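# Overview (structure and organization)
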Amino acid sequence: MSSGVKTFEGSYLGDAGKIDDNARLECKICWHVYDPMIGDEYWQIAPGTPFSQLPKHWRCPECDGDKDQFMVINAS
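Everything in this summary refers to the structure shown in the same document. (Residues numbered from 1 in each chain as written. Predicted model: local features only at pLDDT ≥ 70, side-chain atom pairs only at ≥ 80, totals over all residues. Heavy atoms only, no water.)

Turning our eyes to something else, we now look at unusual backbone geometry. Not every positive phi belongs to a glycine, and tryptophan 31 is a case in point at roughly 75°. As for its placement among the helices and strands, tryptophan 31 is situated in the loop between strand S1 (23–27) and strand S2 (33–34). Assessed through its relative accessible area of 64%, tryptophan 31 is described here as exposed. Here glutamine 44, not a glycine, exhibits a phi torsion of approximately 55°, which is positive. Assignment of secondary structure puts glutamine 44 in the loop between S2 and strand S3 (70–75). (Helix = DSSP H or I, 4+ residues; strand = E, 2+ residues; numbered from the N terminus. Buried < 20%, exposed > 50% of the residue type's maximum accessible area, 1.4 Å probe, protein only.)

Here it is as structure tokens:
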């Protein structure tokens, strides 16, 4: 029986409002860390861009995993 609740695998439960702007997130598939202070050279994401503001098409630059495969590891 489905509860109708949309669930996500990431520790932020797909709710970008739960992620601090300084939070670092780690891909649970390949362990790549997205650090907002560094950004993402592969996807041309400028330093200072919070995870919650990454474009919808953004994927892990190492393994091509979806954003919902990332888990919060800490806030700087």
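Having seen it, we continue.
Here we take up the pairing of S1. Residue alternation in S1 divides its side chains into a buried set, Ala23, Leu25 and Cys27, and an unburied set, Arg24 and Glu26. Judged from the 2 bridges that link them, S1 and S2 form a sheet pairing that is antiparallel. When the bridges of S2 are listed, glutamate 26 appears paired with valine 33. Linking S1 back to S2 in an antiparallel pair, the connection comprises 5 residues, with tryptophan 31 at a positive phi of about 75°. (Pairing = 2+ DSSP bridges.)

With that out of the way, let us pick up the environment of glutamate 26. Counting through the fold element by element, glutamate 26 comes out in strand S1. Since its relative accessible area comes to 24%, glutamate 26 is described here as partly exposed. When the C-alpha positions of glutamate 26 and glutamine 69 are compared, they lie 8.2 Å apart, and in sequence the two are 43 residues distant.

Now for the packing of aromatic side chains. Applying the stated criterion to the full structure yields 6 aromatic pairs. Where phenylalanine 51 meets phenylalanine 70, the ring centres are 5.5 Å apart and the plane angle is 40°; that geometry is what we call tilted. Here the residue phenylalanine 51 occupies a position in the loop between S2 and S3, and phenylalanine 70 occupies one in strand S3, the gap between them amounting to 19 residues. Phenylalanine 70 shares its class with phenylalanine 51; the two are buried. The ring of phenylalanine 51 carries lysine 67 above its face, with NZ or CZ at 5.8 Å from the centroid. (Phe/Tyr/Trp six-rings, centres within 6.5 Å; stacked < 30°, edge-to-face > 60°. Lys NZ or Arg CZ within 6 Å of the ring centre and 35° of its normal.)

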